[in-house]
Amino acid sequence: QVQLVESGGGLVQAGGSLRLSCAASGIIFSINAMGWYRQAPGKQRELVAHITRAGSTNYADSVKGRFTISRDSAKNTVYLQMNSLKLEDTAVYYCNADITTIPDQRPFWGQGTQVTVSS
């Protein structure tokens with residue numbers, strides 16, 4: 001079985017920084033695109049940042065210039081460096097990865113990690 005385990009969430013003051021990590025484990029032949037999503041109370045889950053296997057990235061307009069997504073393919077891990085955090089960044093952050101495993105390739109989700117930005 002494949003699992004995605006996130007870490008690094010917590011409580012931070014506005015203007016502060018956090019770094020999220022998401023490690024994939026299990027029967028993994030390859031990991032294609034990886035990404036971070038978030039869901040605030042009463043809102044739909046939205047894409048925050050996305051990185052392809054080749055390293056191309058894209059970001060939600062609301063986080064451009066503040067967040068950086070990266071990956072370590074050797075460790076099957078994706079990171080999200082979040083700087084200049086704002087109150088509106090408060091949400092549960094979910095890791096997503098498109099993984100080739102048995103019997104086929106499909107997306108997997110982590111359990112989510114809470115990020116709370118206070119004033």
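Described in the following lines is the structure provided in the data block. Residue positions are counted from 1 within each chain, in the order its sequence is given. Totals for whole chains, interfaces and linings use all residues, but because this is a predicted model, local features are given only for residues with pLDDT of at least 70 and pairs of side-chain atoms are given and counted only at 80 or more. To obtain the side-chain values, all non-hydrogen atoms of the structure were included, while hydrogens and water were left out.

Regarding the nonpolar core
What counts here: Nonpolar cores were defined as sets of buried Ala, Val, Leu, Ile, Met, Phe, Trp, Tyr and Cys residues, with membership established by side-chain atoms within 4.5 Å. Relative accessible area decides the class of each residue, using a 1.4 Å probe on protein chains only: under 20% of the type maximum gives buried, over 50% gives exposed, and in between gives partly exposed. Helical segments are the DSSP runs of H or I of at least four residues, strand segments are the runs of E of at least two, and each set is numbered from the N terminus. What makes two residues a contact is simply this: any of their non-hydrogen atoms within 4.5 Å.
Core analysis: the biggest nonpolar cluster contains 30 residues, and W36, L80, M82 and Y93 have the highest contact counts within it. Sorting the residues of this core by element identifies β3 (18-25), β4 (30-39), β5 (46-51), β7 (67-72), β8 (77-82), β9 (91-100) and β11 (113-118) as the ones contributing at least two each. Excluding residues that lie within four positions of it along the chain, Y93 makes contacts with E6, L20, W36, Y37, R38, V48, F67, L80, M82, G112, T113 and V115.

Brief notes about the side chain of N96
For clarity, the cut-off: The definition of a polar contact used here is a pair of N or O atoms within 3.5 Å, where within protein one atom must be able to donate a hydrogen and the other to accept one, and adjacent residues in sequence count solely through side-chain atom pairs.
In this fold, N96 is placed in strand β9. Looking at N96, the relative accessible area reads 12%, which means it is buried. Within the structure, the side chain of N96 is placed 3.4 Å from the backbone oxygen of F108, a separation counted as a polar contact. Beyond its immediate stretch of four places on either side in the chain, N96 contacts L4, A33, M34, G35, Y37, P107, F108 and W109.

Thoughts on the pairing of β8
Test applied: A pair of strands counts as paired when DSSP detects no fewer than two bridges linking them.
Of all 6 residues that make up β8, 5 are buried, and the element is covered over most of its length. Summarising the sheet, β3 and β8 pair through 6 bridges and their orientation is antiparallel. Within β8, the residue paired with S21 across the bridge is Y79. The sheet contact formed by β7 and β8 spans 6 bridges and is antiparallel. Across the sheet, residue F67 finds its bridge partner in β8, namely M82. The loop that links β7 with its antiparallel partner β8 comprises 4 residues; one of these, N76, has a positive phi angle of about 55 degrees.

These figures come from the coordinates and say nothing about function on their own.
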